[in-house]
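# Coordinates in review
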Amino acid sequence: QEYAVTGMPNGTGTGKADYVLWGDDGKPLGLVEAKKTTADAQVGQQQAKLYADCLEQMHGQRPIIFYTNGYTTWMWDDTAYPPRRVAGFYKKDELARLILRRAAREPLRSTSPNKRIVERYYAHRAIASIGEHLERKRRKALLVMATGTGKTRVAIALVDVLQRAGWVKRALFLADRVSLVNQACNAFKAHLPESSPVNLVTEKETEGRVYVCTYPTMMGMIDETKGGEARFGVGHFDLVI
């Protein structure tokens, strides 16, 4: 429902945010600026930012911003990343995790790859390069590596770095064949057992911090519900490989 905010730069100094999503501590986790279906959702970006400014002044916490027209939805954590289009809204715990991460995560340059996972110099350089990429607020990176050069080990070491630095809680590793899923899951279990790797092809109900799956199996599980809500919400995974 609408929530009255104060501190707006208008004649009355007040405004009404369309929706505010609250945490258990009474602080705002997210806000939604909803536009008509005939309007471009991005029209609401600046208005949503002003509401976020007011909510931060009122409650001491800046919420995650969403703006939508019912067909397209944009998410904007303007303390960390530019806006991006998303498939839906984050759950309460997913929003809370994003907000906590603002202060909790460490600089990636200060977290070195585990040499027991990757020893080769180029693997360390590749992981460091991705870290620099992410710290520049970019969300995607591509490594091109020849057969036998240790792609899976690099992926495992990268997950380890991002988890230890507080950037990632849960990761999803996708492959196009069951044999590659089995191989990758066994490698995670051997080199990063503390991540509780889960093979979603064979362990569909198991919980962990790293999930390994084929594309078709994941596509079939995306719409599954658990306790009345999607098991894998839009913000369930912090990293997709």
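Above this text you will find the structure in question.
The paragraphs below set out a description of the structure included in this document. (Residues numbered from 1 in each chain as written. Predicted model: local features only at pLDDT ≥ 70, side-chain atom pairs only at ≥ 80, totals over all residues. Heavy atoms only, no water.)

## Focus on the pattern of salt bridges
Here the idea is simple: oppositely charged side chains can pair when their charged atoms come close. Summed over the entire model, instances satisfying the criterion amount to 14 salt bridges. Linking glutamate 56 and arginine 62 is a salt bridge whose minimum nitrogen-to-oxygen distance equals 2.8 Å. You can call glutamate 56 partly exposed: its relative accessible area is 35%. Put simply, arginine 62 and aspartate 78 hold a salt bridge, and the shortest N to O gap is 2.8 Å. In this pair, arginine 62 sits in the loop between helix H1 (45–59) and strand S5 (64–68) while aspartate 78 sits in the loop between strand S6 (73–76) and strand S7 (84–86), placing the two residues 16 residues apart along the sequence. It is possible to trace a salt-bridge network through shared partners that takes in Lys49, Asp53, Glu56, Arg62 and Asp78. (Salt bridge = Lys/Arg side-chain N within 4 Å of Asp/Glu carboxyl O. Buried < 20%, exposed > 50% of the residue type's maximum accessible area, 1.4 Å probe, protein only. Helix = DSSP H or I, 4+ residues; strand = E, 2+ residues; numbered from the N terminus.)

## Observations regarding the packing of helix H4 (residues 151–164) against helix H5 (residues 178–191)
Two elements in contact, H4 and H5, have axes whose closest approach is 10 Å; the angle formed by their N-to-C orientations is 50°. Taken together, H4 and H5 sit at an angle that is classed as oblique. For the crossing formed where H4 meets H5, the hand is right-handed. Each of Thr152, Arg153, Ile156 and Val159 in H4 lies in contact with H5, whose residues at this interface are Gln183, Ala184, Ala187, Phe188 and His191. Counted by class, the contact of H4 with H5 contains five nonpolar, three polar and one charged residues. (Axes fitted to C-alpha atoms, helices over the stretch in contact; angles between N-to-C directions. Parallel < 35°, antiparallel > 145°, perpendicular 65-115°, else oblique. Left-handed = near helix turned anticlockwise from the far one by under 90°. Contact = heavy atoms within 4.5 Å. Nonpolar A, V, L, I, M, F, W, Y, C, P; charged D, E, K, R; others polar.)

## A closer look at H4
Side chains three or four residues apart in an α-helix point the same way, a direct result of the helix having 3.6 residues per turn. Between its first and last C-alpha, H4 extends 20 Å over 14 residues, near the 20 Å set by a 1.5 Å rise per residue. The element H4 is largely enclosed, with a buried count of ten among its 14 residues. All of the buried residues along H4 are Val154, Ala155, Ile156, Ala157, Leu158, Val159, Asp160, Val161, Leu162 and Gln163. Where H4 is buried, its residues meet helix H3 (121–135), strand S8 (171–175), H5, strand S10 (210–214) and strand S13 (239–240). (Expected span 1.5 Å × (residues − 1).)

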